[in-house]
Amino acid sequence: MTDAEELLSLAEDIAREAGVLARRRREEGVRIAATKSALADIVTDADREVEELIRARLAAARPDDGFLGEESGAERGMSEVTWVVDPIDGTVNYAYGTPHYAVSIAAVTGEPSPEAWTAVAGIVYTPVIDEAFTAARGEGAWLRTQGGGPQRLAVSSPTDAGALLATGFGYDPATHEGDLDRVRRVLPFARDIRRAGAASLDLAYVAAGRLDGYFERGLHPWDHAAGALLVTEAGGVVSGQPEGRPGRQMTIAASADLAARLAEAIYR
Ligand code: IPD
């Protein structure tokens, strides 16, 4: 039996250490190491170094577990647990010196594919703001800040002023027309739209009630693995296209009522 709290505690220690490293490297100056799917899709030296640190710490603590990371790929494990890691989510913010970036670490069990896995523990940690959004399956979602006690998270419901929504546009220009169409379709019931640049934090903010809802096409497993658990543990729902699991086709996160409304507008 996997102890979700134990996995979360390990993930939190490692995310905090990784966050300190990311922040230090940012202060020293960021170097773009390569571009990936498009010129706008970048990886910095720090992304790679931070992922190496996380992978090494996990391998030392739990050598039998699998790993799926944004920068270094997948390795199947011998245990039932796989770690799904985005070392720096919000890399473009990071490269531009905007503090809205996060270390995202999730522990999942079962087949290591977002279609099939069960997320059991997750943390989204912002090193600059020093906020840790955490969840262990069945134990709720929590925000831990420096000096304050843990606060239980709960998704919000929109007021008569409309839903505060977030989205993202991904890196592939070929998909942007569709992205803009979806924005057009949800705007009638939105009070406003945010595009903050880190999917894991968009999900964490839905869990925290800082956003009413979030939708985005094109997410990778490491973008949503930890954040999706935060949302469900905070009483919300996370779905894909048009139902089922979140994934490349679509991710929608909100309270059940708003998620249904978003899905209706998005797939109309
Ligand atoms: C990206 C961010 C962004 C989202 C992209 C992701 P990265 O992750 O989460 O908000 O729109 O789809 O790929 O590249 O910063 O790790």
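For clarity, every value in this text was computed on a predicted model and none was experimentally measured.

Definitions and cut-offs
Residues numbered from 1 in each chain as written. Predicted model: local features only at pLDDT ≥ 70, side-chain atom pairs only at ≥ 80, totals over all residues. Heavy atoms only, no water. Near = heavy atom within 4 Å. Polar contact = N/O pair within 3.5 Å; in protein donor to acceptor, adjacent residues only side chain to side chain. 1 Å grid on protein atoms, 1.4 Å probe; cavity = no way out; pocket = protein on both sides within 12 Å on 5 of 7 lines; lining within 4 Å. Sits in = over half its atoms within 2 Å of the grid points. Axes fitted to C-alpha atoms, helices over the stretch in contact; angles between N-to-C directions. Helix = DSSP H or I, 4+ residues; strand = E, 2+ residues; numbered from the N terminus. Parallel < 35°, antiparallel > 145°, perpendicular 65-115°, else oblique. Left-handed = near helix turned anticlockwise from the far one by under 90°. Contact = heavy atoms within 4.5 Å. Nonpolar A, V, L, I, M, F, W, Y, C, P; charged D, E, K, R; others polar. Buried < 20%, exposed > 50% of the residue type's maximum accessible area, 1.4 Å probe, protein only. Lys, Arg positive; Asp, Glu negative; His and termini not counted. Salt bridge = Lys/Arg side-chain N within 4 Å of Asp/Glu carboxyl O. Arc of directions from axis to C-beta. Pairing = 2+ DSSP bridges.

1. Section: the site of the ligand
Then, number 1: Neighbouring residues of the ligand: 15 residues in total, closest Asp89, Gly90, Thr91, Arg195 and Glu216.
Then, number 2: The separation between an oxygen atom of the ligand and a polar main-chain atom of Gly197 is 3.2 Å.
Then, number 3: Here Asp223 contributes a side-chain N or O atom positioned 3.5 Å from an oxygen atom of the ligand.
Then, number 4: Using a 2 Å cut-off from the grid points, one finds that the ligand occupies the largest pocket.

2. Quick notes on the packing of helix H4 (residues 176-186) against helix H7 (residues 256-267)
For any two helices packed against each other, one specifies the inter-axial angle together with the distance between the axes.
Then, number 1: Between H4 and H7, the shortest axis-to-axis distance is 9 Å and the interhelical angle comes to 130°. As judged from the angle between their axes, H4 and H7 are oblique. Every pair of crossing elements has a handedness; the one defined by H4 and H7 is right-handed. Of H7, the residues touching H4 (which contributes Arg182, Arg185 and Val186) are Leu262, Ala265 and Ile266.
Then, number 2: A breakdown of the residues in the contact of H4 with H7 according to their chemical character gives 4 nonpolar, no polar and 2 charged.

3. Side note on the side chain of Asp47
Then, number 1: Among the structural elements, Asp47 can be located in helix H2 (residues 45-61).
Then, number 2: No salt bridge is formed by the buried Asp47, whose closest oppositely charged neighbour, Lys36, lies at an N-O distance of 6.2 Å.
Then, number 3: Of the polar contacts made by the side chain of Asp47, one reaches the side chain of Thr91; its length is 3.0 Å.
Then, number 4: Every residue in contact with Asp47, bar those within four places of it in the chain, is listed here: Glu71, Pro87, Ile88 and Thr91.

4. Side note on H4
Then, number 1: Residues of H4 that are buried: Asp179, Arg182, Val183 and Val186. For H4, the angular spread of buried residues about the axis comes to 100°, placing them on one side. Among the exposed residues of H4, those pointing more than 90 degrees away from its buried face are Glu177 and Arg184.
Then, number 2: Tucked into the core, H4 has its buried residues touching strand S11 (163-167), strand S12 (190-194), strand S13 (213-216) and H7.

5. Thoughts on the sheet that holds S13
Then, number 1: Spatial strand order, S12-S11-S13-S15-S14: 5 strands in an open sheet with mixed pairing. At either margin of the open sheet sits one strand with a lone partner, and together these are S12 and strand S14 (237-239). On average, each strand axis in the sheet is inclined to that of its neighbour by 15°, with strand direction left out of account.
Then, number 2: Note that S11 and S12 share 4 bridges and pair parallel. Residue pairing in the sheet places Leu165 in a bridge with Ile193 of S12.
Then, number 3: Across the sheet, helix H5 (residues 199-207) is in contact with S11, S13 and strand S15 (251-254); its angle to S13 comes to roughly 155°.

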